[in-house]
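Summary of the model geometry
What follows is the residue order along each chain.
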Amino acid sequence: MSYARLQYYLSKGTFLTCKVTNSCFPKILFRSKHQEKKLILKMNEAFVRYDEGTDNFDVTFRYVNAEYNVNKQFNFNRKSDSTVSNFLSRVDANVSKVLSAKKKKKKRKSKGEVLEDDLPVAECKSALLSHGLPIEGDAPCRSVFTPNADVSLVLLGSVYSVKYNAPWVSNIALPKCILASFPTYPSKFETYHTSQVKSAFTWYRNNKSKPNANDWQEVAQGFVYTPKVEEIGCLLKLQCVPKKADQIGPTVEVTSPSTIEAGPGYCPFETRHLFTRTKLSGNCFRIVSYNILADLYTDSSYSREELFPYCPPYALDIDYRKYLILKELIGYNSDIICLQEVDSKIFQHDLLPTLSTLDYNGVFNRKGGTVSEGLSTFFNIHRFQKLNFESAVLSQNVDLPGFDQTWKSITNEKFKERFLCRSTAVQATTLLSLDNLSEILVVGNTHLYFHPDADHIRLLQGYYALHYVRNVANEVQKKFPDHNVSIVLCGDFNSVPECGIYQLMCKKQVPEDCKDWNSNPEEAVHSVSLSHDMSFASACSTPEYTNFTKGFADCLDYIYYQTDRLQVEQVIPMPSTEELTEYTALPSVVFPSDHISICADLKWNITR
């Protein structure tokens, strides 16, 4: 193509936007069963992305021609070794085909009048420029689309600069259920080369008195928005500008598939929030432990008909419960949050994206085997710096120092077999206090085996968890000899205060004749005692209930802390029995789990 011909193209005013995308993108971008997503591409910009896995370029661009009413997004999939001329010929053919169809339609509408075209369809030619000069047609695409390359794409007169690996939203959706007074956020947010924290999010609502009018009012900024009661009946629209460092990608917007609905009203945890309105600082920190009831254990006919028949099915649905869970957690203004029964998808798509916008970072590990739920710990990044994180499945490492000798002393093989078949896990997150740089906190989090006849299993699991976090703390102390290293061990221990774990933690020993050892006669453990030399207490003492179902109600959850390093400043009051029984038991329309969160404010005993 001659340079004169190129100048001719530049003299025309047709619009183009282009993107080379990942081959896994859907052929119709931003379309789903429930919602329409609108991609808003700026003029004179092109976006390029190469997929190393497939060695392909997926090319997407939007061609606009107002005269012929053309506004179409084109998609091409080409190998990276495809030549520039081969790629451009496909662009020309597809654009020409659409233009021809539009011109014929316009000609028919003009009642046979001859249309004069400044540029015949046959002359529809595109070009790629490097530093303003045409690129040779036999050059492979991989040599053209590279980072920092000064490349432009020209089609029918307009020049568009190419942005390589710019931020891009590949999928975004709003939830089907949006409740007034409860946080909402994208149910899907899938991106390339994008920082969620740096990206800009703007929320709009429509005028419910004119539902068909394109009348949107801005209501908030940020990834999370809490609709107001007066907005019930309105639709929401979310606009996102993806960003990373100093790069900005094309804006995308999505409208909610349904209007804002009325929520359940006032929830008992909102009364507890009255005690946590203020964030802590200095020597104090707030910690929460909460079994949030995994979707795995509610999404079945057995759970709906046998375990929780008193709870309406919609209130068992995780897409309802997760909004209550988030509102509850956010209202505690905690510095550390330890969660059990966390579905991996809930961690990835709900907890981490939303809490990260509120200055939390989080860790997660699954239980052993094929179980899809596990443990998660979050911490406020302005109060703590993560030094280390590790986790273990108890049955996979019975050689743990401090535990191994006790394990070897047990002779009942049936007990050992049952212990080794459990998927129970423990995690330890090591945090440096940013307010007190001499203080390091090892946060243990666990969820012990649930079976009613397994007190003996749980007792040994608790002993394992204690040694696990202690070993972590000992290693941290060696690495940071000038720091104070303290331990908190949180979780659902599935053990009431009368059982051996509470005695082990708070009284430092469990004798051979502890009744827990004989909770299953065939698996009874004989001539084994447990002990340690650390001083622990339960921060929330022993509430009457931390688990409350129709078939069982008692205290199972604890935040154990070292009494020689820490002290309790405040315990957040628990819900009343009247609140727990208002809808028979838990979970309910106002309690998202069968457990009740426990929350306490702790303070370091500063010694140096």
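In this report, the structure presented in the accompanying data block is examined. (Residues numbered from 1 in each chain as written. Predicted model: local features only at pLDDT ≥ 70, side-chain atom pairs only at ≥ 80, totals over all residues. Heavy atoms only, no water.)

1. Some details on the sheet that holds strand S20 (residues 360-366)
One open sheet holds the six strands; their spatial order is S20-S21-S19-S18-S33-S32, and the pairing between them is mixed. Both edges of this open sheet fall to S20 and strand S32 (566-571), since each of them pairs with a single strand only. Neighbouring strand axes in the sheet, compared pairwise and without regard to direction, differ in orientation by 25 degrees on average. With respect to the sheet, helix H8 (residues 344-356) is in contact with strand S19 (336-343), S20 and strand S21 (373-380), its orientation differing from that of S20 by roughly 170 degrees. (Pairing = 2+ DSSP bridges. Helix = DSSP H or I, 4+ residues; strand = E, 2+ residues; numbered from the N terminus. Axes fitted to C-alpha atoms, helices over the stretch in contact; angles between N-to-C directions. Contact = heavy atoms within 4.5 Å.)

2. Structural notes on unusual backbone geometry
The residue after Leu-586, namely Pro-587, is reached through a cis peptide bond having omega -5 degrees. Looking at the secondary structure, you find Pro-587 in the loop between helix H13 (577-581) and strand S33 (598-604). Positive phi values are uncommon outside glycine, yet Asn-148 reaches one of about 65 degrees. Here Asn-148 is to be found in the loop between helix H3 (141-144) and strand S9 (151-155). Overall, the relative accessible area of 82% leaves Asn-148 in the exposed class. (Buried < 20%, exposed > 50% of the residue type's maximum accessible area, 1.4 Å probe, protein only.)

3. Remarks on the sheet that holds strand S23 (residues 425-433)
Ordered by their spatial adjacency, six strands build an open sheet running S22-S23-S24-S25-S31-S28, and the pairing between neighbours is mixed. Looking at strand neighbours, the two that pair on one side only are strand S22 (384-393) and strand S28 (536-538), the edges of this open sheet. Recorded for the sheet is a direction-independent mean angle of 20 degrees between the axes of neighbouring strands. In this sheet, S23 lies alongside S22 in antiparallel orientation, the contact comprising nine bridges. Among the inter-strand pairings, Phe-384 is bridged to a residue of S23, identified as Ser-433.

4. Some details on the nonpolar core
Core analysis: the largest hydrophobic core is formed by 65 residues, its most contacted members being Ile-172, Leu-329, Leu-339, Leu-351 and Phe-378. A total of seven residues in this core trace back to one element, the largest contributor, which is helix H7 (residues 318-331). Excluding anything up to four places from it in sequence, Leu-351 contacts Ile-292, Leu-326, Leu-329, Leu-339, Val-342, Ile-346, Ser-356 and Phe-378. (Core = buried A, V, L, I, M, F, W, Y, C linked by side-chain atoms within 4.5 Å.)

5. Some details on H7
Counted at 1.5 Å a residue, the expected span for H7 with its 14 residues is 20 Å, and the 20 Å between its end C-alpha atoms agrees. The element H7 is extensively covered by neighbouring structure, given that twelve of its 14 residues are classed as buried. For H7, every residue scored as buried is listed here: Ile-318, Tyr-320, Arg-321, Lys-322, Tyr-323, Leu-324, Ile-325, Leu-326, Lys-327, Glu-328, Leu-329 and Gly-331. Where H7 is buried, its residues contact helix H4 (268-272), strand S18 (284-291), helix H6 (313-316), S19 and H8. (Expected span 1.5 Å × (residues − 1).)

6. Thoughts on the pairing of strand S15 (residues 236-244)
For a regular strand, side chains alternate in direction, first toward one face of the sheet and then toward the other. Across seven bridges, strand S13 (residues 195-206) lies against S15 in antiparallel orientation. Across the sheet, the residue bridging to Phe-201 is Cys-240, located in S15. Here S15 runs beside strand S17 (residues 251-255); their pairing, made up of four bridges, is antiparallel. Across the sheet, the residue bridging to Gln-239 is Glu-253, located in S17. One ladder, built from two bridges, connects S15 with strand S16 (residues 247-248); its direction is antiparallel. Following the sheet pairing, Lys-244 is matched in S16 by Gln-247. Connecting the antiparallel pair S15 and S16 is a turn made up of two residues, with Ala-245 showing a positive phi of about 55 degrees.

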